[in-house]
Amino acid sequence: EEDAAFSLHARSAVLMDGDSGRILYGKEPDTPLAMASTTKIMTCILALELGSGNQICTASANAAAQPQVKLGMREAEQFYLQDLLYSLMLESHNDTAVCIAESVAGSVEAFTGKMNEKAAGIGCRDTCFLTPNGLDAGEENGDWHHTTAADLAEILRYCITESPKAAAFLKVTQTVGYSFSNVEKTKDYDCVNHNAFLTMMDGALTGKTGFTAKAGYCYVGALQDGGRLYIVSLLACGWPNNKSYKWADTRKLMEYGLEHYEKVKVKAKQELETVPVINAADNSYDPDKEILMPVRVKGKDLRVLKDKEEKVTVKCTTKKVLQAPVKKGTVIGKAEYYIGEEKAVSYPIVAMENVSARTPRWYLQCVLEKFLF
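Caption draft 1: Quick peek at the overall build of the protein chain. Counting secondary structure elements, the protein chain contains nine helices and 19 strands. Each of the three principal axes of the protein chain carries a C-alpha extent, and together these read 95 × 50 × 40 Å. A burial count over the protein chain gives 49% of its 373 residues as buried. Summarising the internal contacts of the protein chain: among those between residues at least 6 apart in sequence, 66% fall at separations of at least 24. Distance between charge centres in the protein chain, computed from 43 positive and 48 negative side chains, equals 5 Å.

Below you can see the structure in the form of structure tokens.
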């Protein structure tokens, strides 16, 4: 990585290619740190995936007792899940996060268990959720509520590119303002989106802010430019009186990405050489004939961001010979795609045909062919 042609306020930061997940720039990308309300992107995507919009959520005493910033729900008050998602993501309400967690999974513990399962499932390497709202919890010598800039970017990438509820996530997080009432229709609530990034840069797509005394200011956001998708995550980006640091860092990283990286298409499904097959039977009944198996790379064409200076290269390794029988689709090697020095993706190389092995009957047929025809 270019050792930032710039300095950042954030202790830990990542600029990611949102399509491939490749980290384009990292500053302490794997340092575990508290992440405050950026936590709520995971709460939101799980609520969308596991709950239903017209589900009724009832505020427990625990939810109502959460500290500021909060919606101000009273114990036993009821809401539709769909409405609470706006309270969660636009105003970052802590009571709402707990109410959603308890309604969707039965308890905060069950919900954070699902958060951790999801994090592991999408490839996060050092993330631990103990709360659905991001309030500091746990001790650093045991379990504690934390993530890394690399993992946080990966979670947002999941929310907007891989989740079956990606469109619903974007709809909620892009909304400027939203008003709703509780189910009883006894109280009205208004929410305003506090993500300043949405109006800061062309192509700004989504994002979430966060702050606790331990985490400092945090942010994760995404920007789309033509076919390019960038994700920025920032942890420990200043403390009070430095509220604007996160916007300066976000702009700096996004502009760096827009300036330095171009989108290229790397074709995967290429036919490669052939590999000889030992002991192969074919219909020529000639024991001296060498059978060659055609092989190919089996993978999706890759759309990647690369620095204008970087070259894309492919390194293929296959077995030198195959032993019959061989089934079509058998993996016999791998194709590794490199962008510059960095491995971007690895695809299997597979056999393209079925080849059966020689049998005593096949040898008998060889003899008959030779002497009778």
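Once the structure has been displayed, the description carries forward.
Caption draft 2: Representation of the state of the cysteines. Across all of its chains, the model carries zero disulfides by this definition. Its sulfur unpaired, Cys-159 is 7.2 Å from the next cysteine sulfur, which belongs to Cys-44. Classification of Cys-159 by relative accessible area gives buried; the value is 0%. Here Cys-191 stays unpaired: no disulfide links it, and the sulfur of Cys-44, its closest cysteine neighbor, is 13 Å away.

Caption draft 3: Highlighting the environment of Leu-24. Within the element layout of this structure, Leu-24 appears in strand S2 (residues 23-27). Counting along the chain gives 283 residues from Leu-24 to Asp-307, while the straight-line C-alpha distance between them is 8.8 Å.

Caption draft 4: Quick peek at the sheet that holds strand S9 (residues 228-235). Strand order across the open sheet formed by five strands is S2-S1-S9-S8-S7, with antiparallel pairing between neighbours. Strands with a single pairing partner mark the edges of an open sheet, and in this sheet they are S2 and strand S7 (204-212). Averaged over all pairs of adjacent strands, the angle between their axes in this sheet comes to 5°, without regard to strand direction. Both strand S1 (residues 12-17) and S9 contribute to a ladder of six bridges, which runs antiparallel. Across the sheet, the residue bridging to Ser-12 is Leu-235, located in S9.

Caption draft 5: Looking closely at the packing of helix H1 (residues 40-50) against helix H3 (residues 81-90). At their nearest, the axes of H1 and H3 sit 10 Å apart, and the two run at 170° to each other. By the angle between their directions, the pair H1 and H3 is classed as roughly antiparallel. Pair H1 / H3 crosses with left-handed handedness. Residues Lys-40, Ile-41, Thr-43, Cys-44, Ala-47 and Leu-48 of H1 touch H3, and the partners they reach there are Leu-81, Leu-85, Leu-88 and Met-89. Of the residues in the contact of H1 with H3, the class split is eight nonpolar, one polar and one charged.

Caption draft 6: Quick peek at the environment of His-145. Summarising the element assignment, His-145 is placed in the loop between helix H5 (108-121) and helix H6 (149-162). Residue His-145 is classed as buried on the basis of its relative accessible area, which comes to 2%. For the pair His-145 and Ala-34, spaced 111 residues apart in sequence, the C-alpha separation works out to 6.1 Å. The contacts of His-145, once residues within four sequence positions are left out, are Ala-34, Met-35, Thr-39, Cys-128, Phe-129, Leu-130, Thr-131, Gly-134, Leu-135 and Ala-137. Side-chain polar atoms of His-145 contact the backbone nitrogen of Leu-130, separated by 2.9 Å.

Caption draft 7: Geometry of unusual backbone geometry. Cis rather than trans, the peptide bond between Gln-68 and Val-69 has omega equal to 5°. In this fold, Val-69 is placed in the loop between helix H2 (61-64) and strand S4 (78-80). Here the residue pair Ala-324 and Pro-325 is connected by a cis peptide bond, since its omega of 0° sits within 30 degrees of zero. Looking at the secondary structure, you find Pro-325 in the loop between strand S16 (322-323) and strand S17 (331-339). Residue Ala-76 is not a glycine yet carries a positive backbone phi of 80°. As for its position among the elements, Ala-76 is in the loop between H2 and S4. The phi torsion at Ala-236 lies on the positive side, around 55°, for a residue other than glycine. Residue position: Ala-236 is located in the loop between S9 and helix H8 (245-260). Looking at Ala-236, the relative accessible area reads 9%, which means it is buried.

Caption draft 8: View of the nonpolar core. Ranked by size, the top nonpolar core spans 64 residues in total, and within it Ile-41, Leu-156, Ile-160 and Phe-169 carry the most contacts. Of the residues forming this core, the biggest block, nine residues, is contributed by H6. Every residue in contact with Ile-160, bar those within four places of it in the chain, is listed here: Ala-166, Phe-169, Leu-170, Leu-205, Thr-206, Ala-222, Leu-229 and Ile-231. Core analysis: the next-biggest nonpolar cluster, separate from the first, contains 23 residues, Ala-268, Val-295, Ala-324 and Ala-335 among them.

Definitions and limits used
- Residues numbered from 1 in each chain as written.
- Predicted model: local features only at pLDDT ≥ 70, side-chain atom pairs only at ≥ 80, totals over all residues.
- Heavy atoms only, no water.
- Helix = DSSP H or I, 4+ residues; strand = E, 2+ residues; numbered from the N terminus.
- Buried < 20%, exposed > 50% of the residue type's maximum accessible area, 1.4 Å probe, protein only.
- Contact = heavy atoms within 4.5 Å.
- Lys, Arg positive; Asp, Glu negative; His and termini not counted.
- Charge placed at Lys NZ, Arg CZ, Asp CG, Glu CD.
- Disulfide = S-S within 2.5 Å.
- Pairing = 2+ DSSP bridges.
- Axes fitted to C-alpha atoms, helices over the stretch in contact; angles between N-to-C directions.
- Parallel < 35°, antiparallel > 145°, perpendicular 65-115°, else oblique.
- Left-handed = near helix turned anticlockwise from the far one by under 90°.
- Nonpolar A, V, L, I, M, F, W, Y, C, P; charged D, E, K, R; others polar.
- Polar contact = N/O pair within 3.5 Å; in protein donor to acceptor, adjacent residues only side chain to side chain.
- Core = buried A, V, L, I, M, F, W, Y, C linked by side-chain atoms within 4.5 Å.

Shape descriptors only; they carry no functional weight alone.
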